[in-house]
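Each chain, written out:
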Amino acid sequence: DVIEAGLFAEGMGQIDDDAVGAVISALEGESVEQDGVGFEPPPIICGLARATSTDIDRCWNAIRLATFPRIHCFATGAEMRTAWDQSERRRRVKNSIAWAVAHAKSLCADVEFSASDATRADPEFLYEVLNIAVESGATTLNIADTAGFAMPSEFGALVTEVRRQVRGIQSGDVILSVHTHNDLGLATANSITAIENGARQVECTLNGIGERAGNTALEEIVLALDFRRQYFNRRIGRDPEQAITCIRKREVLRSCRMLAELTGSPLAPNKAIVGSNACKYTFIQGDILDNEILGLD
């Protein structure tokens, strides 16, 4: 599991730098006992950076003391949507991505590359860019539905084709990740469909907080994967009872409620998993949303 703890952009001040330092201090050197999973090492601490030397260097300085650091750099939506007839601009975009990933790799062994607005990009250009990122050292590739544009069937098909077209994914050397937005109310559905089609990482947030209508809700993904782990494990060829994430389920509800209080954004009663109605006893909850699992009194 990964904590993406900040965006490092020139002119943004020290807020994210200080926040990442606090996260590392809180987690490093502590083994965490998981629910039924034994003891796990600290999670990967990831920093997000634009594809510039200034941002990548600043990101590395913030995360380098983590036991498992990761640099995550990205191409913008405007770059990914470069038209097929703009060959010179496409060449510059590809060169920029190759340089940025290689520079990040020279600092950190674990590098993630994101193609923003991938669902609206020319698919052939997307495959080419992702292959360039792998050749330059990326070990995780993230395809983003930045505008919340995709339908689940479309997104699943894109994930399947990316796995087929980009080297290293099917062999397991490269992790395929997804990032979805909830503008059409489909963020979680798109992420679940991506997992069913071979994605191994989902970028998500507590309570689904995020830009505009938000992102995939962490609690929905984690609990869906756990409660339906036999279904998902069969699809990915693992032991049916094997845990899929190392996230402590008992902390999910408490964390969501704490975040709601800190942000001043109360949870809707009908919010999946963590809303007050979802946590009331029902016939379904007797089998699925168990009070003990969610850490309720």
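Criteria and cut-off values
Residues numbered from 1 in each chain as written. Predicted model: local features only at pLDDT ≥ 70, side-chain atom pairs only at ≥ 80, totals over all residues. Heavy atoms only, no water. Salt bridge = Lys/Arg side-chain N within 4 Å of Asp/Glu carboxyl O. Helix = DSSP H or I, 4+ residues; strand = E, 2+ residues; numbered from the N terminus. Buried < 20%, exposed > 50% of the residue type's maximum accessible area, 1.4 Å probe, protein only. Pairing = 2+ DSSP bridges. Right-handed = clockwise from strand over helix to strand, strands pointing away. Axes fitted to C-alpha atoms, helices over the stretch in contact; angles between N-to-C directions. Contact = heavy atoms within 4.5 Å.

With that settled, the discussion passes to the pattern of salt bridges. Counting across every chain of the model gives 19 salt bridges. Measuring nitrogen to oxygen at the nearest pair gives 3.8 Å for the salt bridge that ties Arg92 to Glu88. Taken together, the residues Arg92 and Glu88, both in helix 4 (residues 87–107) and 4 residues apart, mark about one turn of the helix. Its relative accessible area of 46% is what places Arg92 among the partly exposed residues.

All right, on to the pairing of strand 5 (residues 69–75) then. Of all 7 residues in strand 5, 7 are buried; the element is thus mostly enclosed. Residues Pro69, Ile71, Cys73 and Ala75 point to one face of strand 5 and Arg70, His72 and Phe74 to the other, with burial holding for every one of them. In the sheet, strand 4 (residues 44–50) pairs with strand 5 via 6 bridges, with the strands oriented parallel. Across the sheet, residue Ile45 finds its bridge partner in strand 5, namely Pro69. With helix 2 (residues 53–63) bridging strand 4 and its parallel neighbour strand 5, the resulting β-α-β unit is right-handed. Of the strand pairs in this sheet, strand 5 and strand 6 (residues 111–115) are connected by 5 bridges, and their pairing is parallel.

We now examine the sheet that holds strand 9 (residues 201–203). Strand order in the open sheet made by the 7 strands is 1-4-5-6-7-8-9, with parallel pairing throughout. Of all strands in the sheet, those bounded by a partner on one side alone are strand 1 (2–8) and strand 9. Within the sheet, the average angular offset between the axes of one strand and its neighbour, ignoring direction, is 25 degrees. Taken together, the 6 bridges between strand 7 (residues 140–145) and strand 8 (residues 175–180) define a ladder with parallel strand orientation. Bridge pairing in strand 8 links Asn142 to Ser177. Sitting on the sheet, helix 5 (residues 123–135) touches strand 6 and strand 7, and the angle it makes with strand 6 is about 165 degrees.

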